[in-house]
Amino acid sequence: SMFNPDLKPQKSKNFEIGIKGNLLFLDEEIFKSVYFDVTFFNSKIEDEIVPFEVFGDVFYRNAAKTNRSGLEVGLNAELYKGLRLKSSYTLSDFTYDAYEARTIHNDSTVTVASFSDNHVPSVPEHNFSLAVLYENRLNESLTGFLKLNYNNVSGLYTDDGNTEKSEGYAVMNSTLGFDWIISRFQVIFSCGMNNMFNKTYVAFVNINSAQKEYYEVGEPRNFFTGFNISYTF
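Parameters and conventions
Residues numbered from 1 in each chain as written. Predicted model: local features only at pLDDT ≥ 70, side-chain atom pairs only at ≥ 80, totals over all residues. Heavy atoms only, no water. Core = buried A, V, L, I, M, F, W, Y, C linked by side-chain atoms within 4.5 Å. Buried < 20%, exposed > 50% of the residue type's maximum accessible area, 1.4 Å probe, protein only. Contact = heavy atoms within 4.5 Å. Helix = DSSP H or I, 4+ residues; strand = E, 2+ residues; numbered from the N terminus. Patch = residues over 30% accessible without salt bridge, like charges linked within 9 Å, V, L, I, M, F, W, Y side chains within 5 Å. Areas by Shrake-Rupley, 256 points an atom, 1.4 Å probe, with all protein chains shown as cover. Salt bridge = Lys/Arg side-chain N within 4 Å of Asp/Glu carboxyl O. Phe/Tyr/Trp six-rings, centres within 6.5 Å; stacked < 30°, edge-to-face > 60°. pLDDT = per-residue confidence, 0-100. Polar contact = N/O pair within 3.5 Å; in protein donor to acceptor, adjacent residues only side chain to side chain. Pairing = 2+ DSSP bridges. Axes fitted to C-alpha atoms, helices over the stretch in contact; angles between N-to-C directions.

### Section: the nonpolar core
In this structure, Phe-41, Val-50, Ala-63, Phe-94, Tyr-96, Tyr-99, Ala-101, Phe-115 and Val-120 together form the largest nonpolar core, which totals nine residues. The residues touching Val-120, leaving out its near neighbours within four places in the chain, are Thr-66, Arg-68, Phe-94, Thr-95 and Tyr-96.

Written as structure tokens, this is what we have:
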């Protein structure tokens with residue numbers, strides 16, 4: 001990355017309002033507790049810093065005014081004894097209010113483009129996550145757990161001009177493990193599989209690539225293990 005001596009700090013005005021609560025139904029077999037939160041947010045940013053590329057080098061410039069609005073919803077519920085559901089959803093409406101910039105092309109020509117009212121690239125409009133966690137206490141010191149996680153993300157714009165947009169994707173991950181408490185020691189062993197169905201998807205976007213090399217692929221199906229030991233004094 002290269003420095004831009006004309007770069008100014010970005011300034012923002014933020015507004016956020018929301019509600020959260022915890023509903024308890026202790027006499028019920030299912031949905032004994034439900035935690036929820038809903039938040040609306042808005043940020044108006046002046047001189048937002050945006051990356052751009054010239055002949056393979058990455059620079060940064062101030063992109064005038066940006067409006068970022070969104071809605072976040074979260075849910076955490078005990079479905080049944082030992083079975084818990086967690087879900088979150090984010091709606092993002094990020095746009096440039098006023099943005100004009102010079103673009104240097106590979107043939108050294110320079111053009112001035114207006115990106116006003118365009119969507120901010122690399123930000124998905126919809127981001128949804130759903131996880132189901134099951135814990136089973138096998139004996140006084142050993143607990144087994146299983147977690148399934150589903151993520152669904154909408155497509156991403158690749159540049160300030162919104163000339164391209166990646167496809168959305170959905171991936172499933174899983175984790176299986178044991179939590180063992182021995183006196184003051186706690187031992188956690190886990191293993192799992194990410195991208196269980198081996199989906200090919202765009203996980204990251206290189207914004208404003210002059211060579212139009214926008215996309216970075218997400219990890220294919222992969223396996224992992226984890227081991228953690230702790231001691232309480």
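### Looking at the environment of Phe-178
With respect to the element layout, Phe-178 can be found in strand E11 (residues 169-182). Separated by 33 residues in the primary sequence, Phe-178 and Phe-145 place their C-alpha atoms 6.1 Å from one another. Ignoring any residue separated from it by four or fewer positions in sequence, one finds Phe-178 in contact with Leu-138, Leu-142, Thr-143, Gly-144, Phe-145, Val-187, Ile-188 and Phe-189.

### Digging into a nonpolar patch on the surface
On the surface, a cluster of nonpolar side chains totalling about 1100 Å² of accessible area is made up of Leu-138, Phe-178, Trp-180, Ile-182, Phe-185, Phe-189, Phe-227, Ile-229, Tyr-231 and Phe-233. Those elements that provide at least two residues to the nonpolar patch are E11, strand E12 (185-194) and strand E15 (222-231). Here Phe-185 lies in strand E12. By relative accessible area, which is 40% here, Phe-185 ends up partly exposed.

### A closer look at the packing of aromatic side chains
Summed over all chains, the structure comprises eight aromatic pairs. Aromatic side chains Phe-41 and Phe-94 sit 6.4 Å apart centroid to centroid with 80° between the ring planes, which places their arrangement in the edge-to-face category. A residue pair is termed long-range when its members are at least 10 positions apart, and Phe-41 in strand E2 (residues 33-46) and Phe-94 in strand E6 (residues 83-98) qualify at 53 residues. Across the pair, exposure class does not vary: Phe-41 and Phe-94 are buried alike. Pairing Tyr-214 with Tyr-215 gives two aromatic rings, centres 6.1 Å apart and planes at 70°, and the pair type is edge-to-face. Residue classification places Tyr-214 among the buried residues on the basis of a relative accessible area of 2%.

### A look at the confidence of the model for the protein chain
Of all residues in the protein chain, 95% attain a pLDDT of 70 or more, and the chain-wide mean is 90. No element of the protein chain has a lower mean pLDDT than strand E7 (residues 100-104), which averages 72, and none a higher one than strand E10 (residues 142-153), which averages 97.

### Regarding the pattern of salt bridges
Between side chains of opposite charge, a pair can form as their charged atoms come close. As enumerated under the stated definition, the model contains five salt bridges in all. Linking Glu-48 and Arg-68 is a salt bridge whose minimum nitrogen-to-oxygen distance equals 2.3 Å. Residue Glu-48 is located in the loop between E2 and strand E3 (49-54), and its partner Arg-68 is located in strand E5 (residues 65-80); the two are separated by 20 residues in the primary sequence. Here Glu-48 matches Arg-68 in class, with each residue buried. Between Arg-61 and Asp-160 there is a salt bridge, and its shortest N-O distance comes to 3.8 Å.

### Side note on unusual backbone geometry
Even without being glycine, Asp-117 reaches a positive phi, approximately 75°. On the accessibility criterion, Asp-117 (63% relative accessible area) is exposed. Non-glycine residue Asn-208 carries a positive phi angle of around 60°. When you line up the elements, Asn-208 lands in the loop between strand E13 (202-205) and strand E14 (215-217).

### Some details on the side chain of Glu-48
By relative accessible area, Glu-48 is classed as buried at 7%. A distance of 2.7 Å separates a polar atom in the side chain of Glu-48 from a polar atom in the side chain of Thr-66. A distance of 2.3 Å separates a polar atom in the side chain of Glu-48 from a polar atom in the side chain of Arg-68. In contact with Glu-48, other than residues within four places in its own chain, are Gln-10, Arg-61, Asn-62, Ala-63, Ala-64, Thr-66 and Arg-68.

### With respect to the sheet that holds E6
With respect to topology, nine strands assemble into an open sheet ordered E1-E2-E5-E6-E9-E10-E11-E12-E15, the strand pairing being antiparallel. The open sheet is flanked by strand E1 (11-24) and E15, the only strands paired with a single partner. Each strand of the sheet is rotated relative to its neighbour by a mean of 10°, with strand direction disregarded. Bridging between E12 and E15 involves 10 bridges; their strand directions are antiparallel. From the neighbouring strand, Gln-186 faces E15, where its bridge partner is Ser-230.

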